[in-house]
Each structure stands twice: as C-alpha cells, then as structure tokens.
Amino acid sequence: MSIEKTLDKIDKSPLIKNHLHSPIRKDAFELNDNEKIDLIQNHFKEIMHILGLDLTDDSIQNTLRRVAKMYVEEVFSGINPKNKPIITLFENKYQYDEMLIEKDITLYSYCEHHFVPIIGKVHIAYISSGAVIGLSKINRLVQFYAKRPQIQERLTNQIADGLKEALNSKDIAVMIDAAHLCVSSRGIKDTNTTTITTHFSGKFENKIVKNQFIALTK
C-alpha cells in the first residue's frame, strides 16, 4: 500500500481520531530517507557552526551524519507509517478470558517541546475478544508510536487505539510511567519527578478490573 493510501486510511479510521494524530504533514514522505539524511546533515552543520564548534575536530567531524541517520532511521522512524509493525493474531484456542498483561515495556521517546528524551515503562493489558496477539508485537507497537516527537498523553492514547484496531477489542488498559528530561535536565531540573498517564476502556472501566490491573503492575 502506498504512503498516500496509508495516510488516507489513517484519516478515515473509526478508531484513530483526529486529536490522536501526531503533527505530521501530508507531504512528509515526498523525500526518501537518504535525501532526508543529507538535508538534516547540512542543517545540523549550520547549528553546530552557529554554536561555535570546530567542525574540523576529529571528535565531532562525523557527528553531523550520525545525528542525521539517528533521527531518520532510529529515534524518529515512527513518523513514517511504512514502519508500523504488521500485527500477528492467533485464535484464542485456550479460551483464556482473563486479562493478559505485558509489563515493564521499555519506553524511549522524545519530547515534542524540547527534543530531549522521555524514558520510562509501559504496562499494557487486554482481554481477548476471540484472538490473541504475538507478545513481541505489543512491544513493537509501543516502539512505533514512541519513535516520533511525542506528548505522553497522546502517546498513551495512540498505543491504546493501535491495540484496539489490531485486536478488534475495546478491552484495553495502558499505563505509562516516565521521566521527562525536559524537566530533569533543564528548566526546573527536578530529577525525582515521573509522569503517569493511563487509558482504560471496555471492561477495564470497571473499577474492580481496573484496580486489579493497577495492583498487578506494581
């Protein structure tokens, strides 16, 4: 499927609402990855030059290329919908109808406001509606949405909506507990603060089920 058709599908998806969209332009994929790396390298060179760094120094002369490749191929690769993981489902032959929890998924994202890391853990649970998901696919879905400039509240809901779409189930719980380096490394410089966001839908809106999930993630 082409990028244009994928974006159209995202726009029309009944599960992914407009307020969950990351601020990505429709023409964001007219350049290929190599072209983006070349351009970012040139622009980052200007930034380093303006800061007063000696770009002939052997310690930083290759930093421009490294940063450009890191942005495109790694930490912001989730911007491109072509990198969304293909989700594998299996029939729930075991008739397992309790919550399944994937706990302590490593989160490493970047703050949309300052482009510094967000580091933490994601806890996810779902109740099968007839299918089960390959466990590694839960992690991959988290990483896909995390690998873009993010707001934690939006990220929480994007992960939840991605799971609802994949599992065809509303019975989803997501909890993120993360430290924001925009708080700890600049500004107020509070190194003890973490931010917790949650999403509960379907059966997880029941207080007993919700509390069970929270207890099991501690």
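All of these numbers come straight from a predicted model, not from anything done at the bench.

Caption draft 1: Broad picture of the environment of Asn 92. One can find Asn 92 in the loop between β1 (89–91) and β2 (99–111). Non-local contacts of Asn 92, meaning those with residues more than four positions away in its chain, are made with Ser 128, Gly 130, Ala 131 and Val 132.

Caption draft 2: Seen up close, the packing of aromatic side chains. Summed over all chains, the structure comprises 7 aromatic pairs. Judged by centre distance (5.0 Å) and plane angle (65°), the rings of Phe 144 and Tyr 145 are edge-to-face. Residue Phe 144 is classed as buried on the basis of its relative accessible area of 7%. The exposure class assigned to Tyr 145 is buried, which follows from its relative accessible area of 6%.

Caption draft 3: Local environment of the sheet that holds strand β3 (residues 117–127). Read across the sheet, 5 strands follow the order β5-β2-β3-β6-β7 without closing on themselves; strand pairing throughout is mixed. The open sheet has two edge strands, β5 (149–150) and β7 (195–200), and neither has a second partner. Both β2 and β5 contribute to a ladder of 2 bridges, which runs parallel. Its bridge partner being in β5, Cys 111 is matched across the sheet by Gln 150. Most of the contacts of helix α7 (residues 207–217) go to β2, to which it runs at about 65°, and overall it touches β2, β3, β6 (172–180) and β7.

Caption draft 4: Broad picture of the nonpolar core. The biggest cluster of nonpolar side chains holds 26 residues, and the ones touching the most others in it are Leu 107, Val 122, Ile 124, Ile 159, Leu 163, Val 174 and Ile 176. Elements with a contribution of two residues or more to this core: β2, β3, β4 (131–133), α4 (135–146), α5 (152–167) and β6. A per-element tally of this core places α4 first, with 6 residues. Ignoring sequence-local partners within four residues, the contact set of Val 122 consists of Glu 102, Lys 103, Asp 104, Ile 105, Leu 107, Val 142, Ile 159, Val 174, Met 175 and Ile 176. Counting residues in hydrophobic clusters, the runner-up holds 9 residues, among them Met 99, Ala 125, Phe 200 and Phe 204.

Caption draft 5: Highlighting the pairing of β2. Judged from the 10 bridges that link them, β2 and β3 form a sheet pairing that is antiparallel. Looking at the pairing, Tyr 108 lines up with Ile 119 of β3. Counted along the chain from β2 to the antiparallel partner β3, the turn is 5 residues long, and its residue Phe 115 has a positive phi close to 55°.

Criteria and thresholds
- Residues numbered from 1 in each chain as written.
- Predicted model: local features only at pLDDT ≥ 70, side-chain atom pairs only at ≥ 80, totals over all residues.
- Heavy atoms only, no water.
- Helix = DSSP H or I, 4+ residues; strand = E, 2+ residues; numbered from the N terminus.
- Contact = heavy atoms within 4.5 Å.
- Phe/Tyr/Trp six-rings, centres within 6.5 Å; stacked < 30°, edge-to-face > 60°.
- Buried < 20%, exposed > 50% of the residue type's maximum accessible area, 1.4 Å probe, protein only.
- Pairing = 2+ DSSP bridges.
- Axes fitted to C-alpha atoms, helices over the stretch in contact; angles between N-to-C directions.
- Core = buried A, V, L, I, M, F, W, Y, C linked by side-chain atoms within 4.5 Å.

Everything listed here is a matter of coordinates, which is why it stays silent on function.
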